[in-house]
Amino acid sequence: MQDSHNTRHNIAKPNIVILATGGTIAGAVDSSLQTTGYQAGVLSIESLLQSVPELANVANLESEQIANIDSADMSDEIWLRLAKRVNALLKSSQVDGVVITHGTDTMEESAFFLHLVAKSDKPIVFVGAMRPSTALSADGPKNLYNAISLAANPESKGKGVMVVMNDRIQSARYVSKTHTLNVNAFASPNASDMGYILDGKAFFYTTPAKPHTLQSEFDVDKLDSLPKVDILYSYANDNSQVAAQALFNHGTKGLVIAGSGAGSIHKNHKDMLKKLMQNGLVVVQSSRVNNGLVIANEEDSKLGFISSYDLNPQKARVLLMLALSKTDNNERIAKIFESY
Ligand code: SIN
């Protein structure tokens, strides 16, 4: 890890640490008119902070570059490093909150992971941008200002991990990327926003209902790796039974199926899953529809298919990895999905 640089200490203000991982917020290209075709994860966190001098009035800031990647390349290794660093920082009485800068593409996965494994009630806020730092009307600086203001706000304590983008505050439990390009790219399809942030001042509406952070049973501080879980789609003329078998042979312990509608799986694909489940594969049924619930029918539940409820496939995958880090008992994992 490249370590710590910026220290602007002042006793009266909260102490916030920014952990940078890359993304479009740190992206650049040589034309201010270009909002595609840029390189994500180029600028250092120091230069991002320097572009928002107003932050000096909000908090005492320290920053660390955990990674500088396009979030499509996010890995278990970075997740574990990030989680351990967040936990170590928030144990200190010198740190009041953490902000994580992140690419928007997999932000909902990383944020949900932290929501389940961070062991603190201090504020943890994820932020990114849809336009690179070089673009006309880049959204990164204002998003960053909002995120640091939110982390510095004592009212943010105990609310789990939050994502702030385009002035909207959303819970890591429910938030999802719902637009490929627009600055208003994040929504919580099965819940409302948690709140709104107006020029750094937060207005909260709700808190997440499910267990998180200090109430969560998951602890990765002593883990060096996570169980391998993959996602497969179901679709017309689905041929994924071949992929399911190959993944299982390659060490996959769990599969999340992005089923059609309320979680339906093509019969060819499903027959293979049933066979692999008898050999120990754990299968969670989710949906490729980004809204609503998936509840396995009685017959499928008896066979061992686990319901994802309102977790989309990429979030169900995060929970299944953590569940498998504790147990391979199917019933116990099904209960975990009911609870979280
Ligand atoms: C990324 O996810 O790293 C690239 C896209 C973005 O941040 O908006």
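Note that the coordinates shown come from a computational prediction; the quantities given were computed from them, not determined experimentally. (Residues numbered from 1 in each chain as written. Predicted model: local features only at pLDDT ≥ 70, side-chain atom pairs only at ≥ 80, totals over all residues. Heavy atoms only, no water.)

A. Main features of the environment of Gln50. Along the polypeptide, Gln50 turns up in helix 1 (residues 45-50). Counting along the chain gives 91 residues from Gln50 to Pro141, while the straight-line C-alpha distance between them is 9.8 Å. (Helix = DSSP H or I, 4+ residues; strand = E, 2+ residues; numbered from the N terminus.)

B. Structural view of the site of the ligand. Residues in close proximity to the ligand include Gly23, Thr24, Tyr38, Asp70, Ser71, Gly103, Thr104, Asp105 and Ala129, which together make up its full environment. Taking Ala129, its main chain carries an N or O atom lying 3.2 Å from an oxygen atom of the ligand. Among the residues making up the shell around the ligand, the classes are represented as 2 nonpolar, 5 polar and 2 charged. (Near = heavy atom within 4 Å. Polar contact = N/O pair within 3.5 Å; in protein donor to acceptor, adjacent residues only side chain to side chain. Nonpolar A, V, L, I, M, F, W, Y, C, P; charged D, E, K, R; others polar.)

C. Local environment of the UniProt feature "domain: L-asparaginase N-terminal" (unreviewed entry) in the chain. The feature "domain: L-asparaginase N-terminal" (unreviewed entry), as given by UniProt, occupies residues 15-208 in the numbering adopted here. The span residues 15-208 carries 23% helix and 25% strand; its end-to-end C-alpha distance comes to 25 Å. (UniProt positions renumbered as here; feature names shortened; annotations may be inferred.)

D. Local environment of helix 4 (residues 140-151). An ideal rise of 1.5 Å per residue puts 16 Å on 12 residues; helix 4 measures up with 16 Å between its terminal C-alpha atoms. With 9 of its 12 residues buried, helix 4 lies for the most part within the structure. Listed in full, the buried residues belonging to helix 4 are Gly140, Asn143, Leu144, Asn146, Ala147, Ile148, Ser149, Leu150 and Ala151. (Expected span 1.5 Å × (residues − 1). Buried < 20%, exposed > 50% of the residue type's maximum accessible area, 1.4 Å probe, protein only.)

E. Spotlight on a nonpolar patch on the surface. On the surface, Tyr196, Leu198, Phe203 and Tyr205 cluster together to form a nonpolar patch covering roughly 400 Å² of accessible area. Looking at the secondary structure, you find Leu198 in strand 9 (residues 195-198). (Patch = residues over 30% accessible without salt bridge, like charges linked within 9 Å, V, L, I, M, F, W, Y side chains within 5 Å. Areas by Shrake-Rupley, 256 points an atom, 1.4 Å probe, with all protein chains shown as cover. Salt bridge = Lys/Arg side-chain N within 4 Å of Asp/Glu carboxyl O.)

F. Spatial organisation of the packing of helix 3 (residues 107-117) against helix 8 (residues 313-324). The geometry of helix 3 relative to helix 8 is characterised by a closest axis approach of 9 Å and an angle of 35° between their N-to-C directions. In this structure, helix 3 crosses over helix 8, and the sense of that crossing is right-handed. In this structure, helix 3 contributes Glu108, Glu109, Phe112, Phe113, Leu116 and Val117 to the contact, and helix 8 contributes Gln314, Lys315, Arg317, Val318, Leu319 and Leu322. Within the contact of helix 3 with helix 8, the residues separate by chemical class into 7 nonpolar, 1 polar and 4 charged. (Axes fitted to C-alpha atoms, helices over the stretch in contact; angles between N-to-C directions. Left-handed = near helix turned anticlockwise from the far one by under 90°. Contact = heavy atoms within 4.5 Å.)

G. Structural detail: the nonpolar core. Grouped together as the largest cluster of nonpolar side chains are 57 residues, with contacts concentrated most on Val86, Phe113 and Leu114. If near-sequence neighbours (up to four positions away) are discounted, Phe113 is found in contact with Trp79, Leu80, Ala83, Val220, Leu226, Val318 and Leu322. Ranked by size, the runner-up nonpolar core spans 29 residues in total, among them Ala26, Leu55, Ala147 and Val164. (Core = buried A, V, L, I, M, F, W, Y, C linked by side-chain atoms within 4.5 Å.)

H. Broad picture of the confidence of the model for the chain. Per-chain confidence: the chain averages 96 in pLDDT, with 97% of residues scoring 70 or above. Contacts for the low-pLDDT stretch residues 1-7, under 50 throughout, to residues beyond four places or in other chains number 21 contacts. (pLDDT = per-residue confidence, 0-100.)

I. Up close: the sheet that holds strand 12 (residues 254-259). Read from one edge of the open sheet, 4 strands run 11-12-13-14, paired in parallel fashion. Lying at the two open borders of the sheet, with one neighbouring strand each, are strand 11 (229-233) and strand 14 (306-307). Sheet topology note: the strand 13 (residues 282-287)/strand 14 ladder contains 2 bridges and is parallel. Each residue of the ladder has a partner; that of Val284, found in strand 14, is Ile306. Sitting on the sheet, helix 5 (residues 241-249) is in contact with strand 11 and strand 12, with an inclination near 175° to strand 11. (Pairing = 2+ DSSP bridges.)

J. Main features of the pairing of strand 5 (residues 161-165). Burial runs high along strand 5: 5 of the 5 residues are buried. Here strand 5 shows no split at all, with Val161, Val163 and Met165 on one side and Met162 and Val164 on the other all buried. Alignment of strand 4 (residues 124-127) against strand 5, held across 4 bridges, turns out to be parallel. Of the residues in strand 5, the one forming a bridge with Val127 is Val164. Handedness of the crossover is the feature at issue here: the chain leaves strand 4, passes through helix 4, returns alongside strand 5, and the resulting connection is left-handed. (Right-handed = clockwise from strand over helix to strand, strands pointing away.)

K. Main features of unusual backbone geometry. Of note, Asp167 is a non-glycine position whose phi angle comes to about 70°, a positive value. Structurally, the position occupied by Asp167 is in the loop between strand 5 and strand 6 (168-171). Even without being a glycine, Tyr309 presents a positive backbone phi close to 55°. Considering the arrangement of structural elements, one finds Tyr309 in the loop between strand 14 and helix 8. With relative accessibility at 25%, the residue Tyr309 sits in the partly exposed group.

L. Representation of the packing of aromatic side chains in the model. What the rule picks out here adds up to 2 aromatic pairs. The interplanar angle of 50° and the centroid separation of 5.1 Å between the aromatic rings of Phe218 and Tyr340 together place this pair among those described as tilted. Here the residue Phe218 occupies a position in the loop between strand 10 (201-204) and strand 11, and Tyr340 occupies one in the segment after helix 9 (330-339), the gap between them amounting to 122 residues. The class of Phe218 is buried, set by a relative accessible area of 1%. It is Lys159 that lies over the ring of Phe204; its NZ or CZ is 4.3 Å from the centre. For the cation-ring pair, Lys270 lies above Phe305, with the distance from its terminal atom to the ring centre recorded as 5.5 Å. (Phe/Tyr/Trp six-rings, centres within 6.5 Å; stacked < 30°, edge-to-face > 60°. Lys NZ or Arg CZ within 6 Å of the ring centre and 35° of its normal.)

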